[in-house]
Amino acid sequence: MSRTGVIGGSGLYEIKGLTVKGKKNITTPYGKPSDDYLIGSMGDREIVFLPRHGKKHGIPPHMINYRANIWGFRKLGVNNIISISAVGGIRKGMNPGDIVVLDQVLDMTRNRKSTFYNGKGGVVHIDFTEPYCPDLRSMLLKAGRSARVALKKEGTYVAVDGPRLETASEIKSFAILGGDVVGMTGMPEASLAREVEICYAGISVVANFAAGISRRKLSVAEVMEAMHGATEKIKKLLAKTFSLIPETRECSCLDALKEAKI
Ligand code: HPA
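Residues numbered from 1 in each chain as written. Predicted model: local features only at pLDDT ≥ 70, side-chain atom pairs only at ≥ 80, totals over all residues. Heavy atoms only, no water.

1. What to know about the pairing of strand 8 (residues 156-159)
Part 1: In strand 8, alternate side chains face the same way, and those of Thr156 and Val158 on one face and Tyr157 and Ala159 on the other are all buried.
Part 2: For strand 7 (residues 104-107) and strand 8, the ladder comprises 4 bridges, and the chain directions are parallel. Within the sheet, the bridge partner assigned to leucine 106 lies in strand 8 and is valine 158.
Part 3: Note on the crossover from strand 7 through helix 2 (residues 134-147) to strand 8: the handedness is left-handed.
Part 4: Summarising the sheet, strand 8 and strand 9 (residues 181-183) pair through 3 bridges and their orientation is parallel. In the strand pairing of strand 9, tyrosine 157 is matched with valine 181.
Part 5: Since strand 8 and strand 9 lie parallel, the crossover through helix 3 (residues 168-177) that links them has a hand, and here it is right-handed. (Buried < 20%, exposed > 50% of the residue type's maximum accessible area, 1.4 Å probe, protein only. Helix = DSSP H or I, 4+ residues; strand = E, 2+ residues; numbered from the N terminus. Pairing = 2+ DSSP bridges. Right-handed = clockwise from strand over helix to strand, strands pointing away.)

Shown next as structure tokens:
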């Protein structure tokens, strides 16, 4: 049976409504994942949950072992991942509390181990034209409509290293480049999932206006507050989405490596 993975971001260290059946401590060739994976169920779906920052939020964004996290999901037989993250809103209309189903990425990270393929076993260039699985995105949008959870249907995620927040000029330049929201964890998570042929979709909760957009100094407390405020909606959205995920996949993520190797 196929399993669905969920990666929880800041303020989301568990999924409400998940019946937990056990946990798995996994070791990978890339080191340790952020925490134990919780194995549970929601409806008739098997769910594997991982808190990205660890359940006590001890791991900052630039220290997360993204490769170990994704490898662990693969080892547990997960073939779809829904990733949840907190972001700052850049584009007008991306307001605190909004939930965005991401459709594009601008990767501004510099210091991360971003691939499983370092030359051993061939040179690999995966197609990343559409960084998020289009089928999984459609299921999230459909779930939002039927569960009556308002969603922003698209958004370009600007990934930065952090852990500092951005300058006002950085945010202005990201806006010119087409960025809609900014966060510190979306990459290389998305491309690593594609490299192991896991379908991956990202939903972001706008926690604050990005730097320079509001006059207020950014605070971590407002990020946490926005995430807590969104948990009920996220739970509803996930429960409905799980019920829409079919047993067999039809998207191109499932053979992402097919024409990618030299
Ligand atoms: N910038 C980067 N990451 C974030 C922000 C932000 O404003 N808010 C939540 N995560």
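Now that the structure has been shown, the text picks up again.
2. Re the side chain of threonine 109
Part 1: On the secondary structure map, threonine 109 appears in the loop between strand 7 and helix 2.
Part 2: Not counting residues within four places of it along the chain, the set of residues in contact with threonine 109 comprises Ala159, Val160, Asp161 and Met187. (Contact = heavy atoms within 4.5 Å.)

3. Overview of the nonpolar core
Part 1: Counting 36 residues, the largest nonpolar core has Val6, Ile15, Leu136, Ile203, Ile234 and Leu238 as the members making the most contacts within it.
Part 2: Residue assignment for this core shows that the elements contributing at least two residues are strand 4 (45-51), strand 5 (78-89), strand 6 (99-101), helix 2, strand 10 (199-209) and helix 5 (220-244).
Part 3: At 8 residues, the largest contribution of residues to this core is made by helix 5.
Part 4: Once residues within four sequence positions are removed from consideration, valine 6 is found in contact with Ile15, Ile47, Val48, Phe49, Leu50, Phe73, Ile82, Ile84, Leu238 and Phe242.
Part 5: Counting 32 residues, the second largest nonpolar core, distinct from the first, contains Ile7, Ile81, Val181 and Leu192. (Core = buried A, V, L, I, M, F, W, Y, C linked by side-chain atoms within 4.5 Å.)

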